[in-house]
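Topology and contacts: notes
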Amino acid sequence: MKQAALRPESYTKKVALVLQGGGALGSYQAGVYEALASSDYKPDWVAGISIGAINAALIAGNSPEMRVEKLREFWRTITTSAIWPVRISDLVNGAGLPFDLGKQISAMHALMFGQSDFFAPRKPTDWWFGHTPTSYYDTSSLKSTLERLVDFDRINSREIRFSVGAVSSITRAVAISSSRWTFSRPAAPCPGI
């Protein structure tokens, strides 16, 4: 890896890391943070929406020396198939089938079965008896994963400024939260992530 530039003592500006949503971008963002963490330009403020908010919580909710490790643990956890001992795309590619087919099969697998410790399709009973869930997927496993990997007391200590946003899947309204307020553990899964 290329040696990161040193931050001059005269550099007095704050460094912000803003992480957008978009599912697969999240693992890329984790790599960007890893590069920043090895430089003198560590962020003073992390902000994110959707998957970026999850990564921002993993960064702000851990000590500086544990942030990269917790990001890696999160991404290893949610990208490892609980059903198959190897990735489906590796099986397909090993069989000599086109690479695009392997990616399509992997995507279909996630659509039908979810990603362990992240989301899963709701059970048919969730729609019975007049219940109308706000999303096809149940994200309660994400709540458990975040409670295991994020120290919300650390976020509330305001060691690093932290801002997150989310879009309601019901009203489509955007909600913004900042470390100027106190955060609690996720009270309920976030539908529509």
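Report on the accompanying structure. Note that the coordinates shown come from a computational prediction; the quantities given were computed from them, not determined experimentally.

**As for the packing of aromatic side chains**
Using the criterion set out here, one finds 7 aromatic pairs in the structure. Taking 4.7 Å as the distance between ring centres and 70° as the angle between the ring planes, the aromatic pair formed by Phe119 and Tyr137 counts as edge-to-face. Placement of Phe119 in the loop between α5 (99-113) and β3 (120-121) and of Tyr137 in strand β4 (residues 137-138) is noted, with a sequence separation of 18 residues between them. Residues Trp127 and Tyr136 carry aromatic rings whose centres are separated by 6.5 Å and whose planes lie at 35° to one another, so their mutual orientation is tilted. Overall, the relative accessible area of 35% leaves Trp127 in the partly exposed class. The class for Tyr136 is partly exposed, based on a relative accessible area of 44%. Through a chain of ring-to-ring contacts, three or more aromatic side chains come together here, namely Phe74, Trp75, Phe118, Phe119, Trp127, Tyr136 and Tyr137. The ring of Trp45 has Arg161 lying over it, and the distance from NZ or CZ to the ring centre is 3.7 Å.

**Considering the sheet that holds strand β2 (residues 45-49)**
Read across the open sheet, the 4 strands follow the order β1-β2-β5-β6; overall the sheet is mixed. Two strands in the sheet have a free side with no partner beyond their single neighbour: β1 (16-19) and β6 (174-178). Along the sheet, successive strands turn relative to each other by an average axial angle of 10°, direction set aside. Its contacts with the sheet place helix α2 (residues 51-60) against β1, β2 and β5 (161-167), and it is angled at close to 150° to β2.

**Observations regarding the nonpolar core**
Ranked by internal contacts, the top residues of the largest apolar core, which has 30 residues, are Val46, Ile54, Phe74 and Phe162. Where this core is concerned, the elements lending two or more residues are β1, α1 (25-37), α2, α3 (67-79), α6 (140-149), α7 (152-156) and β5. By residue number, the principal contributor to this core is α2, which donates 8 residues.

**What to know about α2**
Among the 10 residues of α2, 10 are classified as buried, and the element is accordingly described as predominantly covered. Those residues of α2 lying buried are Ile51, Gly52, Ala53, Ile54, Asn55, Ala56, Ala57, Leu58, Ile59 and Ala60.

**Here we look at the environment of Thr77**
Tracing the sequence through the fold places Thr77 in helix α3. The class of Thr77 is buried, set by a relative accessible area of 16%. Along the primary structure Thr77 and Phe118 are separated by 41 residues, whereas in three dimensions their C-alpha atoms are 8.5 Å apart. For Thr77, the residues in contact, after removing those within four places along its chain, are Ser116, Asp117 and Arg148.

**Things to note about α6**
Taken together, the buried positions of α6 are Leu142, Thr145, Leu146 and Leu149. Buried residues in α6, looked at end-on, bunch into an arc of 95°, giving them a common side. Among the structural elements, α2, α3 and α7 are those in contact with the buried residues of α6.

**Section: the side chain of Ser163**
Within the fold, Ser163 resides in strand β5. For Ser163, a relative accessible area of 10% translates into the label buried. Those residues in contact with Ser163 that lie beyond four places of it in its chain are Trp45, Val46, Ala47, Gly48, Ser177 and Ser178.

Rules and cut-offs
- Throughout this description, residue numbers start from 1 for each chain and increase along the sequence as written.
- The predicted nature of this model means local features are confined to residues of pLDDT at least 70 and side-chain atom pairs, given and counted, to a pLDDT of 80 or more, with totals for whole chains, interfaces and linings taken over all residues.
- Side-chain metrics rest on all non-hydrogen atoms present in the structure, leaving aside hydrogens and water.
- Aromatic contacts are taken between Phe, Tyr and Trp rings whose centres are within 6.5 Å, Trp giving its six-membered ring; a plane angle under 30 degrees counts as stacked, one over 60 as edge-to-face, and the others as tilted.
- A run of DSSP states H or I qualifies as a helix once it reaches four residues; a run of E qualifies as a strand once it reaches two. Both are numbered from the N-terminal end.
- When accessible area is computed with a 1.4 Å probe and restricted to protein chains, residues below 20% of their type maximum are described as buried, those above 50% as exposed, and intermediate ones as partly exposed.
- Placement of a charge over a ring requires the Lys NZ or Arg CZ to be within 6 Å of the ring centre, with the centre-to-atom vector within 35 degrees of the ring normal.
- For two strands to pair, DSSP has to find at least two bridges joining them.
- In this analysis, axes come from line fits to C-alpha atoms, helices being fitted only over the stretch in contact, and the angle between any two N-to-C directions falls in the range 0 to 180 degrees.
- The contact definition used throughout considers only heavy atoms, calling two residues in contact when any of these lie within 4.5 Å.
- Definition of nonpolar core: a set of buried residues of the types Ala, Val, Leu, Ile, Met, Phe, Trp, Tyr and Cys, connected through side-chain atoms within 4.5 Å.
- Directions pointing from the helix axis toward each C-beta atom define the arc.

Take it as geometry only, folks, not as evidence of what the structure does.
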